[in-house]
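# Examination of the molecular architecture
Chain by chain, the residues run as shown.
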Amino acid sequence: MPSPAVKKSIWALAIAALIAVVVILCLPILASTQIVRDSVAQQVSAWSGYRVRLDDAPEIRVWPSFKAVLNDVVLSNWNGDGQPAVMEAERVEIDLSALAALRGEVVFTKIRLVRPVVRLDESGGVMRIPAIPKWGKLAQSVEATRGLIQANPAEPDTSALPNDSFATVEIVDGRVIVLNGVNRPPVLSSVTGTLNWPALDRSATLSAKGIWHGESIAVEASSAEPLIMLAGGKTNVSLSVNSAPLTLSFKGQADIVGNAFLHGTLESAAPSLQRVLEWTLLEDWPGSTIKAAKLKSTITGDATRVKFENAEFNLGDSSARGVFDIAFTDPHPTVSGTLAFNALDLGVLLNTLAPEPDTAAPPAAPWARDLNFDLRLSANEATAGSVSMTDIAATAQVRDGLVSLDISDATAFGGMLQLGIRLDRVEGHDQAELRITAENLNGGAMAEKLHLTSFMPRAPGSFSVFLKGKGETLDEILETSDGSISASFGEGTVPGLNLESFREHNDKGSFFPLTEIADGELAIDGAELKATLAGGIAWIDTAEAKLETGETITLGGLIPFAGRGIALSGSILPPESDKPVDENGEEASEESDPRETFFIGGSWNAPFIAPFLIE
């Protein structure tokens, strides 16, 4: 026979089961239209501040959980007659507290939005969430928190924060569009995520996925005190963004009201910076690919300026450390600062500032129309194609469409090198300037790196180049260029010229290709060149080489860049000691000097020589 204790346990279980059955049977009654059909909509409106319209009566479900299912839910402004709704949802599933329902109350524990559509306001090209009506419970909680922050901005009294319970919000297949943006694609689509915010005075987390600008993107975020952040105070936050073009993470302090504020650590990485630009700016990026990029930095700033300190930056094979900031006060954001590179690829840098045009595609808006730059750069090593340099000091600037890269000091080929590039658009035409100054360079090393197998003196020398032309490509710029070229070289050799072979052909008196005398080297004591560029034609002012024999080779004429032609006349002058003298012992006039003359014509690829003997 069962003991009294066992009997009591059996009776307790029976009573609990009976209560559970009664609760289950009573829930549909308690959750009647009076409680749910009216109260659910009222609670949604009370929290959001928006007018809530339900096209169908709520459906009440008891098993496996107590919930209300609302179909065709519309949230709109109370004074927005005729205006599009702020949010619409095909279905809203709301999990309700059973105990609260027994008390005649409606308390949400979870809200599931199925295929919602949220509309954003757009003003001045900036999209914002429509302002939440001030009478809503959430807006009033934010306003109360703002008062706590104003009373003590440094350490607001968090114990006095509103502590209302808040539901977990799930989104399934949502979209974000622009208000009245009928013919525009969604800002975000296929949005699925969860906001977990148990109570207003508790921390919150967000996990969401969606499609932005055609790429899948995943966002994870958390805030220690989200209500303080919404009210304009600073609180600890973390954020991570993951997508194929870009990964980004931030951890630190932030607020999102007014000018906003950020202070913390930022890390980002992109397999291709070009792809990031195309993805974010929604336009094709012309020219060659801009390589992978990484950034790690401490950032501090607001909506007007963000400063990056202790920044570690990688672009392709180039890495740098330094400090820079981004200012948003001008029509175009301005990036300025100082970066010290371990190794710098000048080609990648210039292509980042001003991408090369893609002749196979219509011209695209250049980077210079979207950002301004003012950077001071230094590098232990730098490359420009096959050219290597060390100890670089440079500036890179982009301002209102003008792009400039200036290397004020560099060591290359054993000497000093300075270089300046300007790219601008003047009167509807692209214009470029190039300045190069080099001193005490090793001509042989330069010729080897630049693959100049002929005519480049293997000798120490200095030169300067200035040209200015119009066009998008190097060929177009050269064909319209004005400017000057000057060079001087010391003792050495000029490959690709066999003087003895030339004289043998010269004696025959017929023209011959230059390739027939290219099997040797011409020994020189020095060489000098001065030329003027006008309209894409190089006019030779001075061009002479002094030979070991004491003879001097001189050239004059023109070299047009368009068509790649050559039209030069030359002569070989005898040594000074061989000049004839008259009966008074004075040198005869130059006109009476014996000399060899010749003409060089044809194209750059296949020049020919027509020699003449002068007795």
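Since this is a predicted model, take the numbers as computed values, not measurements. (Residues numbered from 1 in each chain as written. Predicted model: local features only at pLDDT ≥ 70, side-chain atom pairs only at ≥ 80, totals over all residues. Heavy atoms only, no water.)

### Concerning the overall build of the protein
The condition is simple: Secondary structure elements are defined from DSSP: runs of H or I of at least 4 residues count as helices, runs of E of at least 2 residues count as strands, and each element is numbered from the N terminus. Under the scheme applied here, a residue whose accessible area is under 20% of the maximum for its type counts as buried, over 50% as exposed, and between as partly exposed, the area being computed with a 1.4 Å probe on protein chains only. Note on contacts: a residue pair is in contact if any heavy atoms of the two residues lie within 4.5 Å. For accessible areas, the Shrake-Rupley method is used with a probe of radius 1.4 Å. Any residue's cover is judged against the shown protein chains and nothing else.
Helix and strand content of the protein: 11 helices and 32 strands. Buried residues in the protein amount to 39% of all 615 residues. Partitioning the intrachain contacts of the protein with sequence separation of at least 6 by distance along the chain shows that 48% fall at a separation of at least 24. Of the roughly 32900 Å² that the protein leaves accessible, carbon and sulfur atoms contribute 55%.

### A word on unusual backbone geometry
Although it is not a glycine, Asp391 adopts a positive phi angle of roughly 55°. Among the secondary structure elements, Asp391 is positioned in strand β19 (residues 387–399). Classification of Asp391 by relative accessible area gives exposed; the value is 51%. One non-glycine residue, His451, adopts positive backbone phi at about 60°. As for its placement among the helices and strands, His451 is situated in the loop between α9 (443–449) and β23 (460–470).

### A closer look at the pattern of salt bridges
Stated formally: Any Lys or Arg side-chain nitrogen found within 4 Å of a carboxyl oxygen on Asp or Glu counts as a salt bridge.
According to the stated counting rule, one finds 21 salt bridges in the structure shown. With a closest N to O distance of 2.9 Å, Asp325 and Arg305 form a salt bridge. In this pair, Asp325 is assigned in strand β16 (residues 318–327) and Arg305 in strand β15 (residues 305–315), connecting sequence segments 20 residues apart. Relative accessible area serves as the criterion here: at 16%, Asp325 is assigned to the buried category. A residue is classified by how much of its surface remains accessible, and Arg305, at 41% relative accessible area, is partly exposed. Glu551 is the salt-bridge partner of Arg503, the closest N and O atoms lying 2.5 Å from each other. Placement of Arg503 in helix α11 (residues 499–508) and of Glu551 in the loop between β28 (537–547) and β29 (552–560) is noted, with a sequence separation of 48 residues between them.

### A few points about helix α3 (residues 39–48)
It helps to recall that an α-helix has 3.6 residues per turn; residues three or four apart then point in one direction. The buried count for α3 comes to seven of 10 residues, which makes it a mostly enclosed element. Where α3 is concerned, the buried positions are Ser39, Val40, Ala41, Val44, Ser45, Trp47 and Ser48.

### Focus: the packing of aromatic side chains
So the rule is basically this: The aromatic pairing rule takes the rings of Phe, Tyr and Trp, using the six-membered ring of Trp, and pairs them if the centres are within 6.5 Å, calling planes under 30 degrees apart stacked, those over 60 edge-to-face and the rest tilted.
This structure, assessed with the given rule, holds 10 aromatic pairs. Arranged with centres 5.0 Å apart and planes meeting at 75°, the rings of Trp212 and Trp279 form a pair that is edge-to-face. Of this pair, Trp212 sits in strand β9 (residues 204–212) while Trp279 sits in helix α7 (residues 273–281), placing them 67 residues apart in sequence. Measuring from centroid to centroid gives 6.5 Å for Phe599 and Phe608, while their planes differ by 55°, and the two rings are tilted.

### Description of the side chain of Asn372
Secondary-structure assignment places Asn372 in strand β18 (residues 372–384). On the basis of relative accessibility, which here comes to 2%, the residue Asn372 falls in the buried class. The contact partners of Asn372, leaving out residues within four places of it in the chain, are His332, Pro333, Thr334, Val335, Val398, Arg399 and Asp400.

### A few points about helix α5 (residues 137–151)
Rule in force here: By this rule, a helix spans an expected 1.5 Å times one less than how many residues it contains. The arc under discussion is defined with respect to the helix axis, by the directions toward the C-beta atoms.
Here α5 contains 15 residues, and its C-alpha end-to-end distance of 21 Å stays within 8% of the 21 Å for a straight helix at 1.5 Å per residue. For α5, the full list of buried residues reads Leu138, Ala139, Ser141, Val142, Thr145 and Ile149. Down the axis of α5, the smallest arc covering the buried residues is 155°, so these residues share one side. Counted as exposed and oriented over 90 degrees from the buried face of α5: Gln150 and Ala151. Buried residues along α5 sit in contact with α3 and α6 (226–230).

### A short note on a nonpolar patch on the surface
Definition in use: Patch membership requires more than 30% relative accessible area and the absence of a salt bridge. Residues of like charge join within 9 Å; the nonpolar side chains Val, Leu, Ile, Met, Phe, Trp and Tyr join within 5 Å.
There is a patch of nonpolar side chains on the surface, built from Leu230, Ile256 and Val257 and spanning about 220 Å² of accessible area. Along the polypeptide, Ile256 turns up in the loop between β12 (247–255) and β13 (261–270). On the basis of relative accessible area, Ile256 is assigned to the exposed category, the value being 52%.

### Things to note about the pairing of β19
Worth spelling out the cut-off: Strands qualify as paired when DSSP identifies two bridges or more between them.
When β18 meets β19, the two strands line up antiparallel, connected through 11 bridges. If you follow Ala379 over to β19, its bridge partner there is Ile392. Remark: two residues form the turn of the hairpin made by β18 and β19, two consecutive strands paired antiparallel; Gly385 in that turn has positive phi of roughly 70°. Bridge analysis of β19 against strand β20 (residues 402–412) gives eight bridges, and the strand direction is antiparallel. Bridging across to β20, Thr395 finds its partner in Asp406. Linking β19 back to β20 in an antiparallel pair, the connection comprises two residues, with Asp400 at a positive phi of about 50°.

Purely geometric numbers; function is a separate question.
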